[in-house]
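Residue-level structural notes
In case you want the letters, here they are:
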Amino acid sequence: MTRVNEQMDVAAKKPMAVQPGVARMRELTPAQRRAVMFAQQQVLKAQAAKKAKDQRQAVRERMWDEDSPSYKPTAAAEPVVVEEEPREVSLRGAIGHVLRELRTRDRRTLREVSEKAGVSLGYLSEVERGQKEASSELLSSIADALGVSTSRMLRMVADYLDSVEG
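Nothing here was measured: the structure is a model prediction, and the numbers come from that model. (Residues numbered from 1 in each chain as written. Predicted model: local features only at pLDDT ≥ 70, side-chain atom pairs only at ≥ 80, totals over all residues. Heavy atoms only, no water.)

The next thing to look at is the nonpolar core. Counting residues in each nonpolar core, the largest one holds 24 residues, and the members touching the most others are L99, I142, M153 and V157. Elements that contribute at least two residues to this core include exactly helix 2 (91-105), helix 3 (110-117), helix 4 (121-128), helix 5 (136-146) and helix 6 (150-165). Ignoring sequence-local partners within four residues, the contact set of L99 consists of V127, E128, L139, I142, L146 and M153. (Core = buried A, V, L, I, M, F, W, Y, C linked by side-chain atoms within 4.5 Å. Buried < 20%, exposed > 50% of the residue type's maximum accessible area, 1.4 Å probe, protein only. Helix = DSSP H or I, 4+ residues; strand = E, 2+ residues; numbered from the N terminus. Contact = heavy atoms within 4.5 Å.)

This is the structure we're talking about:
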């Protein structure tokens, strides 16, 4: 219940002059102000995260463009041809090389392949670098995650070893 003399005279109030882009913070309760500030912070965080993601994607696209056969470097320097003597490559190094080639050819990240194969990200990275020897079961699950059969992947390893050794 309100008394007649306690009712606010709505017509007597002057509207506040609102500047463009500025919220009417004086008319908000403290809880509403906190909610507005929190929402503004969340928007800024989301914008920063999107910018960082776009930058990472741009770097990844440049990397993939450099790996493509039609890529031509912008530098005018003549390529240096160095005669290499045949080098020995370990089996785990060859397997890692082939797995990385398969993954980057399909433009997939370590995280995507590791999740699909059920292998930890760090372990898959070590296998690709030739630092860990994976079991046959793990190799099979990684090959399946990359979309090739285990026998096809092993043939690719054998071909790679032939090209390096001989």
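So that's the structure; there's more coming.
It is worth spelling out the pattern of salt bridges at this point. Under the definition given, this model contains five salt bridges. Put simply, K50 and D54 hold a salt bridge, and the shortest N to O gap is 3.2 Å. Taken together, the positions of K50 and D54, both in helix 1 (residues 30-67) and four residues apart, correspond to about one turn of that helix. A salt bridge links R103 to E128; the nearest nitrogen and oxygen atoms lie 2.8 Å apart. Linking R103 in helix 2 with E128 in helix 4, this pair joins segments that are 25 residues apart in sequence. For the pair shown, R103 and E128 are each scored as buried. Connected via shared salt-bridge partners are R100, R103 and E128. (Salt bridge = Lys/Arg side-chain N within 4 Å of Asp/Glu carboxyl O.)

Looking now at a negative patch on the surface. A cluster of acidic side chains, namely E88, D159, D162 and E165, defines a negative patch on the protein surface. Tracing the chain through its elements places D162 in helix 6. (Patch = residues over 30% accessible without salt bridge, like charges linked within 9 Å, V, L, I, M, F, W, Y side chains within 5 Å. Areas by Shrake-Rupley, 256 points an atom, 1.4 Å probe, with all protein chains shown as cover. Lys, Arg positive; Asp, Glu negative; His and termini not counted. Charge placed at Lys NZ, Arg CZ, Asp CG, Glu CD.)

With respect to the secondary-structure elements, G93 resides in helix 2. Sequence separation of G93 and L161 is 68 residues, and the distance between their C-alpha atoms is 9.7 Å.

This brings us to the packing of helix 2 against helix 6. Following both chains from N to C, one finds helix 2 and helix 6 inclined at 115°, their axes separated by 9 Å at the closest point. Handedness of the crossing formed by helix 2 with helix 6: right-handed. Contacts between helix 2 and helix 6 involve L91, A94, I95, H97, V98, L99, L102 and R105 from the former and M153, M156, V157, Y160 and L161 from the latter. Tallied by class, the residues present in the contact of helix 2 with helix 6 amount to 11 nonpolar, one polar and one charged. (Axes fitted to C-alpha atoms, helices over the stretch in contact; angles between N-to-C directions. Left-handed = near helix turned anticlockwise from the far one by under 90°. Nonpolar A, V, L, I, M, F, W, Y, C, P; charged D, E, K, R; others polar.)

Next up on the list: helix 6. In this model, helix 6 (16 residues) spans 22 Å end to end at C-alpha, consistent with the 22 Å of a helix rising 1.5 Å per residue. Buried residues along helix 6 sit against helix 2 and helix 5. (Expected span 1.5 Å × (residues − 1).)

Let's shift gears to the environment of E165. Within the secondary structure layout, E165 lies in helix 6. Separated by 77 residues in the primary sequence, E165 and E88 place their C-alpha atoms 6.5 Å from one another.

We now examine the confidence of the model for the chain. Residues with a pLDDT of 70 or more make up 69% of the chain, whose mean pLDDT is 79. This stretch, residues 73-78, has a pLDDT under 50; its non-local contacts, to residues over four places away or in other chains, come to zero contacts. (pLDDT = per-residue confidence, 0-100.)

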